[in-house]
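Residues per chain are reported as follows:
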Amino acid sequence: MGKIIAIANQKGGVGKTTTSINLAAALGVLEKKILLIDADPQANATSGIGIDIESIEIGTYQLLEHSNIAKDTIMKTESPNLDLIPAHIDLVAIEIELVDKESREYMLKKALKDIKDDYDYILIDCAPSLGLLTLNALTAADAVVIPIQCEYFALEGLGKLLNTIKSVQKIHNPGLDIEGLLLTMYDARLRLSNQVVEEVQKHFNNMVFKTIIQRNVRLSEAPSYGESIINYDASSKGANNYLSLAKEIINKNT
């Protein structure tokens, strides 16, 4: 049975989309069957994996609206074993349109029921907010990965996110686990980076992934070529980091 993992943090610029794309590609290379869902109206996961956003006719918007079944919204990608449900700017409207709907927090969960068993992992790239889109992702998910950048404001807002997860567990999804906190944008040369790592590990202990994603130029370049880091430069530090994270997740779930 497939496992649904939301990649969430309401802070922008912490590496959610980078993690979604590259973790999905790394799990695919390790021969797991993966579906990546772009649940962010900015559609960066869609363009970052090489899909032209302007060409999208059916995607996450139609999935949440239930105007199309999940199988209709899935696209193949160039990455091995990796499928995508793309996003388009029209996803911006979904929060307003779902507001009056009954069971609005469960739209994604219902939509994914038919395809959950077709994949080993389904990853959801969440928007940088705690709105209805992210709530749908957390309600549908079995677990959540929380990227935290190794910078000054790293822990700001984390309490708010953890409270949101607690209330989702209480009201909508008692089975939701925290898969792990992922430290991103780490630079070993900076004292601040090392302090943030120590602080997060001290406070959250076993909840923190052993793998730390280091700052890496190739990792920043890859999305502009519409490629995952695995496709763009398999020998880079970034590729090694995400393969290491993928192995850690696989080991945790076997």
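Residues numbered from 1 in each chain as written. Predicted model: local features only at pLDDT ≥ 70, side-chain atom pairs only at ≥ 80, totals over all residues. Heavy atoms only, no water.

If you check an unreviewed UniProt entry, the chain appears there as Chromosome partitioning protein ParA from Flavivirga eckloniae.

Asks: A description of the side chain of N136 should follow, citing residues and the corresponding values.
Replies: Here N136 shows up in helix α7 (residues 132–140). On the accessibility criterion, N136 (1% relative accessible area) is buried. (Helix = DSSP H or I, 4+ residues; strand = E, 2+ residues; numbered from the N terminus. Buried < 20%, exposed > 50% of the residue type's maximum accessible area, 1.4 Å probe, protein only.)

Asks: Any chance you could break down the UniProt feature "domain: AAA" (unreviewed entry) in the chain for me, citing the residues and the numbers?
Replies: In the numbering adopted here, UniProt assigns the feature "domain: AAA" (unreviewed entry) to residues 3–178. Annotated as 36% helix and 18% strand, the span residues 3–178 places its first and last C-alpha atoms 13 Å apart. (UniProt positions renumbered as here; feature names shortened; annotations may be inferred.)

Asks: Report on the sheet that holds strand β3 (residues 75–76), specifying residues and quantitative values.
Replies: Picture the strands of a sheet paired through backbone hydrogen bonds; they go either parallel or antiparallel. Pairing is mixed in the open sheet, where seven strands are placed in the order β3-β4-β2-β5-β1-β6-β7. The outermost strands of the open sheet, each flanked by one partner alone, are β3 and β7 (177–184). Sheet topology places strand β2 (residues 34–39) next to strand β4 (residues 82–85); four bridges connect them, and they run parallel. Each residue of the ladder has a partner; that of I37, found in β4, is I85. Helix α9 (residues 191–204) contacts β6 (143–149) and β7 of the sheet and is inclined by roughly 165° relative to β7. (Pairing = 2+ DSSP bridges. Contact = heavy atoms within 4.5 Å. Axes fitted to C-alpha atoms, helices over the stretch in contact; angles between N-to-C directions.)

Asks: Hey, could you go over a nonpolar patch on the surface for me, with residue numbers and the actual values?
Replies: Nonpolar side chains collect at one region of the surface, where Y152, F153, L190 and L192 lie side by side and expose about 430 Å² of accessible area between them. Secondary-structure assignment places L192 in helix α9. (Patch = residues over 30% accessible without salt bridge, like charges linked within 9 Å, V, L, I, M, F, W, Y side chains within 5 Å. Areas by Shrake-Rupley, 256 points an atom, 1.4 Å probe, with all protein chains shown as cover. Salt bridge = Lys/Arg side-chain N within 4 Å of Asp/Glu carboxyl O.)

Asks: Mind laying out the pairing of β6, listing which residues take part and the relevant values?
Replies: Taken across its seven residues, β6 has seven buried, putting it largely inside the fold. Burial of the side chains of β6 extends over both faces: A143, V145, P147 and Q149 are buried on one face and V144, I146 and I148 on the other. Taken together, the three bridges between strand β1 (residues 3–7) and β6 define a ladder with parallel strand orientation. By the bridge assignment, I7 is partnered in β6 with V145. The pairing of β6 with β7 spans seven bridges and is classified as parallel. Looking at β7, one finds that A143 is bridged to D177. Between the parallel pair β6 and β7, the chain is carried across by helix α8 (residues 158–171), and the sense of this crossover is right-handed. (Right-handed = clockwise from strand over helix to strand, strands pointing away.)

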